[in-house]
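Examining the three-dimensional arrangement
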Amino acid sequence: MTLLDFPEHVACTVFLGGCDFRCQFCHNYELVEGVMPDAMSEEEFFEFLSKRHGLLDGVAITGGEPCLRKDLPEFIKRINDAGYPVKLDTNGNHPDILKKLLDEKRVAYVAMDIKNSPSKYAETIGLESFDLAKVNESIRLLLSSDIDYEFRTTVISQYHDENDFREIGEWINGAKNYFLQEFTDRDAVPDHSLTAPTPEEMIKYRDTVSPFVNFAAIRGVDID
């Protein structure tokens, strides 16, 4: 159960394994290869939902990268049919799936990661090279959508500086919501040498992005 992952909803969170990025700051890296055993079957999950009416009012789907699952639209439709709106987390590298979900109005909220400025993307996601075309298309889809959405960046001292956030702001210019999330180390994080910026740096980065978006805020730092 979560009060944070799906804005204005009491939700449960579903973790789907597998990811096409290799971010060394990932909190769920044990899911990246998609080899962990299932915690429950799909039928057990829907039995769980059937018993939670009145307790839950939403389902948040995260990963890994949920859009690697080609039957994701059908999975979400079944959740909708059970009476629950869905919030989707995505890395934006699967605009075909995202477009289908938006066109069919299957998701009520989308949170898309913006890992870094375009010039640093491959390095930040742990790949030797990366074509941004699909991420660009997902950004375009959300900017032109009438659903609720957010873009968000996990901020790491070793990867980000003020200029990156200026470039990110220009990239997502006109976005509804943008959140900067403070990096925190956990056991599952591959690179334990990574560190979080200071609160003052987080404020500076937020203020750098703010002129480009309708709303910008910081998560994970107790500041004004």
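Residues numbered from 1 in each chain as written. Predicted model: local features only at pLDDT ≥ 70, side-chain atom pairs only at ≥ 80, totals over all residues. Heavy atoms only, no water.

Observations regarding the packing of helix 2 (residues 72–81) against helix 3 (residues 95–103)
- Where helix 2 contacts helix 3, the axes come no closer than 10 Å and their chain directions differ by 30 degrees. Put simply, helix 2 runs roughly parallel to helix 3. The two elements helix 2 and helix 3 meet at a crossing, and its hand is right-handed. For the pair helix 2 and helix 3, contact is made by Leu72, Pro73, Glu74 and Ile76 and by Ile97, Lys100 and Leu101, respectively. (Axes fitted to C-alpha atoms, helices over the stretch in contact; angles between N-to-C directions. Helix = DSSP H or I, 4+ residues; strand = E, 2+ residues; numbered from the N terminus. Parallel < 35°, antiparallel > 145°, perpendicular 65-115°, else oblique. Left-handed = near helix turned anticlockwise from the far one by under 90°. Contact = heavy atoms within 4.5 Å.)

Looking at the packing of helix 1 (residues 42–50) against helix 2
- At a minimum axis separation of 11 Å, helix 1 and helix 2 run at an interaxial angle of 25 degrees. Judged by the angle between their axes, helix 1 and helix 2 are roughly parallel. The chirality of how helix 1 crosses helix 2 is right-handed. Judged by residue contacts, Glu42, Glu43, Phe45, Phe46 and Leu49 of helix 1 engage Phe75, Arg78 and Ile79 from helix 2.
- When grouped by side-chain class, the residues that make up the contact of helix 1 with helix 2 number 5 nonpolar, no polar and 3 charged. (Nonpolar A, V, L, I, M, F, W, Y, C, P; charged D, E, K, R; others polar.)

Thoughts on the sheet that holds strand 3 (residues 86–90)
- Pairing is parallel across the open sheet formed by 7 strands, whose spatial order is 1-2-3-4-5-6-7. Sheet topology places strand 1 (11–15) and strand 7 (216–219) at the edges, where each strand pairs with a single neighbour. Going across the sheet, the axis of each strand differs from the next one's by a mean of 20 degrees, ignoring polarity.
- Bridge count between strand 2 (residues 58–62) and strand 3: 3 bridges; the pairing is parallel. Pairing of Ile61 across the sheet is with Leu88, part of strand 3.
- Against the sheet, helix 7 (residues 199–209) touches strand 5 (148–155), strand 6 (178–182) and strand 7, its axis set at about 165 degrees to strand 6. (Pairing = 2+ DSSP bridges.)

Side note on the layout of surface pockets
- Roughly 1,100 Å³ of volume is contained in the largest pocket.
- In terms of lining residues, the largest pocket is bounded by 38 residues, among which His27, Asn28, Asp89, Arg152 and Gln181 are the most central.
- If you tally residues by element for the lining of the largest pocket, the top one is strand 5, at 4 residues.
- Residues that form the lining of the largest pocket fall into these classes: 14 nonpolar, 13 polar and 11 charged.
- Taken as a whole, the second largest pocket spans an internal volume of roughly 640 Å³.
- Lining the second largest pocket are 25 residues; nearest its centre among them are Val14, Phe15, Leu16, Asp38 and Ala39.
- Within the residue set of the lining of the second largest pocket, elements represented by two or more residues are strand 1 and helix 1.
- Take the lining of the second largest pocket: its biggest share by element is 4 residues, from strand 1.
- Among the residues making up the lining of the second largest pocket, the classes are represented as 15 nonpolar, 5 polar and 5 charged. (1 Å grid on protein atoms, 1.4 Å probe; cavity = no way out; pocket = protein on both sides within 12 Å on 5 of 7 lines; lining within 4 Å. Points joined across faces, edges and corners; volume = space filled by probe spheres on them.)

All we've got here are geometric facts, nothing functional implied.
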